[in-house]
Amino acid sequence: MTSQNNFPIYWGPDYVLDSGVETRTKSGPLAKILMMGEVPGIELISPLPITREELLTIHSEHYIDRLVKEQKPELIRSIFASTGGVRDALDAMFVHGRAGSLSSGLHHAKRDNDEGYCFINGLALAALRAISKHGANRVGVLDTDAHCGGGTFQLVGDNEQVVLADVSCDSFDNWRPNSGRHFLTIVESADNYLDVVKRALKHLDGVDALIYNAGMDPFEDCTIGGMRGITREVLAERERLVAQWCKDTQTPSMFVLAGGYGGPNLDLDGVARLHLPTIREFARIRITPESKN
Ligand SMILES: [Zn+2]
C-alpha cells in the first residue's frame, strides 16, 4: 500500500503558458512557494495532459474542435495540462485520501461553450470519472468560488450520483436547484458566510468522494467577486471547516483553486498566497480511502 502520508499536488510549467488572466498565471507563484517548502509534506507532481477522448466525456466534439482550432496553442496546452492535473488528482485521492491540482477556471464551462474564464469543466469531468473509474456511489462537488457554478450544474446536475453544494456571494452563472441533491446559496452578508458553508457541508453528508472548487475570490480585496467582511481569517476558517469535514467523514477529497483575482491591494503573489490555507488545511488531515469502502 502506498503511504497514507503522501499529499500529491499536481502542477507543471505548462499550467502558466498562457499569461492572460490570474486564472492561469497565479499557479506559477503558488507552485514556487510550495517548492520552497512553505507547507511541509507536499509532493508536487507534473501531470500528463488530458486527452481529447477524456474531454468528450463532458464537452461536445464541436466545442473541443473549435477550441483547439481557434485558441492560441499556448492556451490550449495550458488548459490541457491543468485539466490533466484535475484527472490525476482525482485518481490520486482514491489512493492517498487527499490530493489537489493548482488548476483554475472550471465551473462556468458548459457543454458547448466557455464562459467567465472557464474553458473545460474539470469538476464535472472528475465527478463522472469518480463514478465510472473508481466506482463511487455518490460524489460531492463543493464550490466556494464567489460566483455560482452554472456549468457544473448543466453538466452533472441531473446525475443521480452527483450531489452539488454551491456557496456563492455573487449571482453570476446562478442556477436553479431542482432536486434534494442540490444546494445553492448566494450569501448576502459576510456575517452568515461561515454558517452557510457549514450547511453546505451538512448537505454533502453521505457522499463517498469530494471534489472541492476552493475559490478565494470572496476575499474582500478581490476586485471580481469580493465581499466586504470576508477576510483572510474568514477564509482560513472556511478551509479549516472543509478539511475537518473531510477528516471527520473520512471522505477521499481533492481540491482545485478556482477564483481569486488581484486588485489595488492585491498583487499576483498575494493572490497566490490567498490559496495557501486550502493547502495547509489539507496537509493537516489524514484520510484512509479504504475506510469508506
Ligand atoms: Zn469566481
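Residues numbered from 1 in each chain as written. Predicted model: local features only at pLDDT ≥ 70, side-chain atom pairs only at ≥ 80, totals over all residues. Heavy atoms only, no water.

Asker: Is there a simple way to explain the overall build of the protein chain in this structure?
Answerer: From N to C terminus, the protein chain includes eleven helices and eight strands. Here the C-alpha radius of gyration of the protein chain, 17 Å, is about what a compact globule of 293 residues would show, namely 19 Å. Projecting the C-alpha coordinates of the protein chain onto the three principal axes gives extents of approximately 45 × 45 × 45 Å. Put simply, the protein chain has 293 residues, and 60% of those count as buried. Taking as baseline every contact in the protein chain between residues at least 6 positions apart, the subset at least 24 positions apart corresponds to 74%. On the protein chain, roughly 11700 Å² of surface is accessible, and the fraction owed to carbon and sulfur atoms is 49%. Averaging the coordinates of the 30 positive side-chain charges in the protein chain and doing the same for the 39 negative ones gives two points 3 Å apart. (Helix = DSSP H or I, 4+ residues; strand = E, 2+ residues; numbered from the N terminus. Rg over C-alpha atoms; globule rule 2.2 N^0.38 Å. Buried < 20%, exposed > 50% of the residue type's maximum accessible area, 1.4 Å probe, protein only. Contact = heavy atoms within 4.5 Å. Areas by Shrake-Rupley, 256 points an atom, 1.4 Å probe, with all protein chains shown as cover. Lys, Arg positive; Asp, Glu negative; His and termini not counted. Charge placed at Lys NZ, Arg CZ, Asp CG, Glu CD.)

Asker: Is there a simple way to think about the packing of aromatic side chains in this case?
Answerer: All chains considered together, the criterion is met by five aromatic pairs. On the numbers, 5.9 Å between centres and 40° between planes, the contact of Tyr-117 with Tyr-261 is tilted. Taken together, the positions of Tyr-117 in the loop between β3 (98-101) and α6 (122-132) and Tyr-261 in the loop between β8 (253-256) and α10 (268-274) put the pair 144 residues apart, joining distant regions of the chain. The partly exposed category is assigned to Tyr-117, whose relative accessible area is 38%. Ring-pair connections join several aromatic residues into one group, and the members of that group are Phe-7, Phe-255 and Phe-282. (Phe/Tyr/Trp six-rings, centres within 6.5 Å; stacked < 30°, edge-to-face > 60°.)

Asker: Sorry if this is basic, but what is going on with the coordination of the zinc ion here?
Answerer: Tetrahedral coordination by four donors sets the ideal angle at the metal to 109.5 degrees; octahedral coordination by six donors sets it to 90 or 180 degrees. Every protein donor of the zinc ion is listed here as Asp-145 (OD), His-147 (ND1) and Asp-217 (OD), and their distances to the metal cover 1.9 to 2.1 Å. Within one chain, the residues donating to the zinc ion are spaced in sequence as D-x1-H-x69-D. The exposure class of Asp-145 is buried, given its relative accessible area of 2%. By relative accessible area, His-147 is classed as buried at 8%. (Donors = N, O, S within 2.8 Å, 3.2 Å for Na, K, Ca; no water.)

Asker: Would you mind going over the nonpolar core with me for this structure?
Answerer: Note on soluble globular proteins: their nonpolar side chains tend to be buried together. Judged by nonpolar contacts, the single largest core of 98 residues is most densely connected at Leu-102, Leu-142, Tyr-193, Leu-204 and Ile-279. No other element matches the eleven residues that helix α5 (residues 73-96) contributes to this core. Apart from residues lying up to four places away in sequence, Leu-204 is in contact with Gly-140, Val-141, Leu-142, Val-163, Ala-165, Leu-210 and Trp-245. (Core = buried A, V, L, I, M, F, W, Y, C linked by side-chain atoms within 4.5 Å.)

Asker: Can you walk me through the sheet that holds strand β5 (residues 162-168) in this structure?
Answerer: Strand pairing in a sheet is mediated by backbone hydrogen bonds. Such pairs are either parallel or antiparallel. Taking strand neighbours across the sheet as the criterion, the eight strands line up as β2-β1-β3-β8-β7-β4-β5-β6 in an open arrangement whose pairing is parallel. At either end of the open sheet lies a strand with only one pairing partner, and these are β2 (42-45) and β6 (182-186). Neighbour-to-neighbour, the strand axes of the sheet open up by a mean angle of 15°, direction not taken into account. Note: β3 against β8, three bridges, orientation parallel. Looking at β8, one finds that Arg-98 is bridged to Ser-253. Along the sheet face, helix α9 (residues 232-249) touches β4 (139-143), β7 (209-213) and β8 and points at about 165° away from the line of β7. (Pairing = 2+ DSSP bridges. Axes fitted to C-alpha atoms, helices over the stretch in contact; angles between N-to-C directions.)

Asker: Just to check I follow, could you spell out the environment of Met-254 for this structure?
Answerer: With respect to the element layout, Met-254 can be found in strand β8. According to the relative accessible area criterion, Met-254 is buried, its value standing at 0%. When the C-alpha atoms of Met-254 and Arg-280 are compared, they prove to be 13 Å apart, with 26 residues separating the residues in sequence. When neighbours within four sequence positions are excluded, Met-254 is seen to be in contact with Val-86, Ala-89, Leu-90, Met-93, Ala-99, Leu-210, Ile-211, Tyr-212 and Phe-282.

Asker: What should I look at first to understand the side chain of Arg-87 in this one?
Answerer: As for its position among the elements, Arg-87 is in helix α5. Here the side chain of Arg-87 touches Asp-88 through a polar contact of 2.9 Å, side chain to side chain. Ignoring any residue separated from it by four or fewer positions in sequence, one finds Arg-87 in contact with Leu-48, Pro-49, Ile-50, Thr-51, Glu-54, Leu-125 and Arg-129. (Polar contact = N/O pair within 3.5 Å; in protein donor to acceptor, adjacent residues only side chain to side chain.)

Asker: I would appreciate a short explanation of the environment of Val-187 in the present structure.
Answerer: Assignment of secondary structure puts Val-187 in the loop between β6 and α8 (193-203). Sequence separation of Val-187 and Val-167 is 20 residues, and the distance between their C-alpha atoms is 7.2 Å.

Asker: Hey, could you run me through the pattern of salt bridges in this one?
Answerer: Side-chain pairs of opposite charge can arise whenever the charged atoms involved come near each other. The full count for this structure, using the stated rule, is 16 salt bridges. For Arg-280, the salt bridge goes to Glu-38, with nearest N and O atoms at 3.3 Å. Of the two residues, Arg-280 is situated in helix α11 (residues 276-284) and Glu-38 in the loop between α2 (27-35) and β2; the sequence distance between them amounts to 242 residues. The partly exposed category is assigned to Arg-280, whose relative accessible area is 39%. Ionic pairing is found between Lys-110 and Glu-115, a salt bridge with its closest N-O pair at 3.0 Å. What makes Lys-110 buried here is its relative accessible area of 10%. Given the relative accessible area of 23%, Glu-115 is considered partly exposed. A single network of salt bridges, built from pairs that share partners, joins Glu-54, Arg-87, Asp-88, Asp-91 and Arg-129. (Salt bridge = Lys/Arg side-chain N within 4 Å of Asp/Glu carboxyl O.)

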